[in-house]
Amino acid sequence: MTPHLPIPTVGADVSGPDAANRVRRAAAALTSNWVFLALVVLVVAFSVQAGGTFFDADNFRNILFNASGTILLAVGTAYLIIGGQLDLSIGSVLVFSQVIAAKTIVAVSGSAESGYPDAGATIALGIAVAVVVGAAWGLLNGVLVTRLKIPSFIITLGTLGMALGLAQVITKGTDVTGLPPQMVTGIGMRQVLGLPLPVWIAAAVAVVAGLVLARTQFGRYTYAIGSNAEGARRSGIKVTRHQVVLFTMMGALAGLAGVLDVARYTTTQVSGHSADNLVAIAAVIIGGASLFGGRGTIFGTAVGVMIPAVLNNGLVIVNVQPFWQTVAIGAILIVAVAVDDIKRRQQLRAS
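This one's a predicted model, so the numbers in the text were calculated from it and none came from an experiment.

The rules behind these values
- All residue numbers refer to positions counted from 1 along the written sequence of the respective chain.
- With pLDDT at 70 or above as the cut-off, local features in this predicted model cover only qualifying residues; side-chain atom pairs require 80 or more to be listed or tallied, and sums for whole chains, interfaces and linings still use all residues.
- The basis for every side-chain value is the complete set of heavy atoms in the structure, and neither hydrogens nor water enter the calculation.
- When the centres of two rings from Phe, Tyr and Trp lie within 6.5 Å, Trp using its six-membered ring, the rings pair. Their planes under 30 degrees apart give stacked, over 60 give edge-to-face, and anything left gives tilted.
- Three exposure classes are used, based on accessible area relative to the maximum for each residue type with a 1.4 Å probe and protein chains only: buried under 20%, partly exposed in between, and exposed over 50%.
- Put simply, DSSP H or I for four residues or longer makes a helix, DSSP E for two residues or longer makes a strand, and each gets a number counted from the N terminus.
- Residue contacts are counted whenever heavy atoms from the two residues lie within 4.5 Å of one another.
- Just to be clear on terms, a salt bridge is a Lys or Arg side-chain nitrogen sitting within 4 Å of an Asp or Glu carboxyl oxygen.
- Each patch is built from residues lacking any salt bridge and having more than 30% relative accessible area; the joining distance is 9 Å for like charges and 5 Å for nonpolar side chains (Val, Leu, Ile, Met, Phe, Trp, Tyr).
- The Shrake-Rupley method, run with a 1.4 Å probe, gives the accessible areas here. Residue values count only the displayed protein chains as cover.
- Take the number of residues in a helix, subtract one, and multiply by 1.5 Å to get its expected span.
- Here an angle of 0 to 180 degrees is reported between the N-to-C directions of two axes, which are lines fitted to C-alpha atoms, with helices fitted over the stretch in contact.
- Whether a crossing is left-handed or right-handed is set by the direction in which the near helix is turned from the far one by less than a right angle, anticlockwise for left-handed and clockwise for right-handed.
- Amino acids outside the nonpolar list (Ala, Val, Leu, Ile, Met, Phe, Trp, Tyr, Cys, Pro) and the charged list (Asp, Glu, Lys, Arg) are all regarded as polar, and Gly is one of them.
- Within this scheme, the nonpolar core is defined by two criteria: the residues are buried Ala, Val, Leu, Ile, Met, Phe, Trp, Tyr or Cys, and they are joined through side-chain atoms within 4.5 Å.

A full pass over the atoms with the stated rule returns six aromatic pairs. Taking 5.5 Å as the distance between ring centres and 40° as the angle between the ring planes, the aromatic pair formed by Phe-46 and Phe-54 counts as tilted. A residue is classified by how much of its surface remains accessible, and Phe-46, at 9% relative accessible area, is buried. When the centroid spacing of 6.2 Å and the interplanar angle of 40° are considered together, the rings of Tyr-79 and Phe-218 count as tilted. In this pair, Tyr-79 is assigned in helix α2 (residues 57-82) and Phe-218 in helix α8 (residues 217-227), connecting sequence segments 139 residues apart. The exposure class assigned to Phe-218 is partly exposed, which follows from its relative accessible area of 24%. Three or more aromatic residues joined by ring pairs form one cluster here, namely Phe-46, Phe-54, Phe-55 and Phe-60.

This is the structure:
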């Protein structure tokens, strides 16, 4: 993705990169507030249309549960987009990671006849394997992007095919089964304070990621690199290393999302994640991030994830074909990118 110069804003202190980054974060926060208002309007509209069927604690629990994996992917995608990069391979990395994790668990957990005596330790090992394998793919993406100087969407389009193809080679195109049922009872469907454990895991990751992005040097560097990579490099930021870390984080989160997906279904989903990259990117952009880098928030990203989740759930309840969700999200994404581009051009002219 092409980096661009920090954009001054009338009345703002633009004496340095930090001031420009503060302006961008403020703009993203304002957009996030409007998006949150849109989410509230959606909830109210479906509540009026469907009554108690939609506005029900169990239904909201299902919405959050369904969105938990997407939130993990969207958090990593937000960091990359804010940092001026893009990863199209996350769905395939998720699938490859969960396949390796599932194979590992099946290999060391024993048989159903034995009662899976070491299921807890085996599942913990599988989670660690998924995260490490995902991080390895992210590291590969980061090294290839930074060393070969090829746009990230090209590199990750290539690794998308590599990861998915290898997963299909390993599984011969069939899903891995025979995992301990404790994966579902202990993780996938386990309730903590009234919510499934994967929801709490996704929420914890989002909160920590949001604090790191907003309040730490790592977050400031991410904004600075996305705004102007060359300027960040001249100011002493190790841009290449930072970008590699961002890709590695993305891969690790994809691995975690993959193993949580296995915990939900007790099987892999080799052919079920082809659109994950588009969903995650759409959530980040809808949540107020700029596809040109340097702007965005984790709060906005989380709200951006919830909009399609609520939309899909509400459309099903009111007996509208859920395929309209794809139409609506595609249209919203185009509008969001178009508006962002218009604002960027106006600010460039004003500067």
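What follows is about the side chain of Asn-313. On the secondary structure map, Asn-313 appears in helix α12 (residues 298-317). Relative accessible area serves as the criterion here: at 15%, Asn-313 is assigned to the buried category. Once residues lying within four places of it in the same chain are set aside, the contact partners of Asn-313 are Phe-54, Asn-59 and Ile-63.

Bringing the environment of Met-249 into the picture now. Inspection of the secondary structure assignment puts Met-249 in helix α10 (residues 239-265). According to the relative accessible area criterion, Met-249 is partly exposed, its value standing at 28%. Ignoring anything within four residues of it in the chain, the contact list for Met-249 reads Tyr-79 and Phe-218.

Evaluation of the coordinates by the stated rule reveals three salt bridges. A salt bridge links Asp-58 to Arg-61, with the nearest nitrogen and oxygen atoms 2.4 Å apart. Separated by three residues within a single helix, Asp-58 and Arg-61 lie in helix α2, roughly one turn from each other. In this structure Arg-61 comes out as partly exposed when scored by relative accessible area, which is 24%. In this structure, Glu-230 and Arg-234 form a salt bridge, with 3.3 Å as the shortest nitrogen-oxygen distance. Of the two residues, Glu-230 and Arg-234 both sit in helix α9 (residues 229-234), four residues apart, roughly one turn of that helix. Beyond isolated ion pairs, a larger network of salt bridges with shared partners links Glu-230, Arg-233 and Arg-234.

So, about a nonpolar patch on the surface. A surface patch of nonpolar side chains, about 810 Å² in accessible area, is lined by Trp-34, Phe-36, Leu-37, Val-40, Val-41, Val-44, Val-48 and Phe-299. Judged by its relative accessible area of 34%, Val-40 falls in the partly exposed class.

What follows deals with helix α4 (residues 119-148). Taking 1.5 Å of rise per residue, 30 residues should cover 44 Å, and α4 covers 43 Å from first to last C-alpha, within 8% of that figure. At the C-terminal side of α4, Lys-149 shows a positive phi close to 60°.

On to the packing of α4 against α10, then. Look at α4 against α10: their axes get within 6 Å of each other, and the N-to-C directions meet at 150°. The two elements α4 and α10 cross, and the hand of that crossing is right-handed. When the residues that make up the contact of α4 with α10 are grouped by side-chain class, the tally is 12 nonpolar, 11 polar and one charged.

The next thing to look at is the nonpolar core. Grouped together as the largest cluster of nonpolar side chains are 79 residues, with contacts concentrated most on Leu-73, Val-75, Met-183, Ile-298 and Val-310. The greatest single-element share of this core, amounting to 12 residues, is contributed by α2. Among all residues touching Val-75, those that are not within four sequence positions of it are Val-205, Ala-206, Ala-209, Leu-253, Ile-298 and Thr-301. Ala-224, Ile-225, Ala-232 and Val-239 belong to the second largest nonpolar core, which has six residues in total.

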